[in-house]
Amino acid sequence: MKTPTIQDVAQRAGVGVGTVSRVLNNHAAVKPATREAVLQAIAALDYTPNPHARRIAGARATPSACCCPC
């Protein structure tokens, strides 16, 4: 069986991926009923966030410049 993804959780809970993300990050702008549905889906699927993906997604790009003679 494949490892469940955040998309699987969202589909099972009937919400978007962003809503699942907000629940996982304990954001206040999620209705209690929605939060409960997402948490139930997480439990039913035995979902755990991938720490490597979180680290990559949390990385911020730094601007850089390159000067090339023409």
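1. Remarks on the environment of Ser-21
Argument step 1. By secondary structure assignment, the location of Ser-21 is in helix H2 (residues 17-24).
Argument step 2. Looking at Ser-21, the relative accessible area reads 28%, which means it is partly exposed.

2. Looking at the packing of helix H1 (residues 6-13) against H2
Argument step 1. Taken N-terminus to C-terminus, the directions of H1 and H2 make an angle of 105°; their axes are 8 Å apart at the nearest point. On the basis of their axis angle, the class for H1 and H2 is roughly perpendicular. Between H1 and H2, the residues in contact are Ile-6, Gln-7, Val-9 and Ala-10 and Val-17, Val-20, Ser-21 and Leu-24, respectively.
Argument step 2. When grouped by side-chain class, the residues that make up the contact of H1 with H2 number six nonpolar, two polar and no charged.

3. Notes on the side chain of Arg-35
Argument step 1. Within the fold, Arg-35 resides in helix H3 (residues 32-45).
Argument step 2. Of the side chains bearing the opposite charge, Glu-36 lies closest to the buried Arg-35, which forms no salt bridge; the N-O distance is 8.0 Å.
Argument step 3. In contact with Arg-35, not counting residues within four places along its chain, are Val-23, Asn-26, His-27, Ala-28 and Val-30.

4. Some words on H1
Argument step 1. Buried residues of H1: Ile-6, Val-9, Ala-10 and Ala-13, and no others. For H1, the arc enclosing every buried residue in end-on projection is 100°, short of the 170-degree limit, so these residues lie on one face. In this structure, H1 carries Gln-11 and Arg-12 as exposed residues pointing more than 90 degrees from its buried face.
Argument step 2. Contacts from the buried residues of H1 go to H2 and H3.
Argument step 3. Remark: Gly-14 follows H1 within two positions and exhibits a positive phi of approximately 75°.

5. Here we look at the pattern of salt bridges
Argument step 1. Under the criterion given, the structure shown has one salt bridge.
Argument step 2. Salt-bridge contacts for Asp-8 lead to Lys-2; the nearest nitrogen and oxygen are separated by 3.2 Å.
Argument step 3. What makes Lys-2 exposed here is its relative accessible area of 58%.

Rules used throughout
- All residue numbers refer to position in the chain's written sequence, counted from 1.
- Given that this is a predicted model, residues contribute local features only at a pLDDT of at least 70 and side-chain atom pairs are listed and counted only at 80 or more, while totals for whole chains, interfaces and linings are drawn from all residues.
- The basis for the side-chain values is all heavy atoms of the structure; hydrogens and waters are excluded.
- Counting from the N terminus, the helices are DSSP H or I runs at least four residues long and the strands are E runs at least two residues long.
- We call a residue buried when its accessible area falls under 20% of the maximum for its residue type, exposed when it is over 50%, and partly exposed in between, using a 1.4 Å probe and counting protein chains only.
- To obtain an axis, a line is fitted to C-alpha atoms, over the contacting stretch when the element is a helix, and the angle between two such axes runs from 0 to 180 degrees between their N-to-C directions.
- An angle counts as roughly parallel when it lies under 35 degrees, as roughly antiparallel when it exceeds 145, as roughly perpendicular when it falls between 65 and 115, and as oblique in every other case.
- It only takes one pair of heavy atoms within 4.5 Å for two residues to be counted as in contact.
- Ten residue types, Ala, Val, Leu, Ile, Met, Phe, Trp, Tyr, Cys and Pro, are classed as nonpolar, four, Asp, Glu, Lys and Arg, as charged, and the remainder, Gly among them, as polar.
- Positive residues here are Lys and Arg, negative ones are Asp and Glu, while His and the chain termini are left out of the count.
- Whenever a carboxyl oxygen of Asp or Glu lies within 4 Å of a side-chain nitrogen of Lys or Arg, that contact is scored as a salt bridge.
- Relevant arc is that of directions from the helix axis to the C-beta atoms, nothing else.

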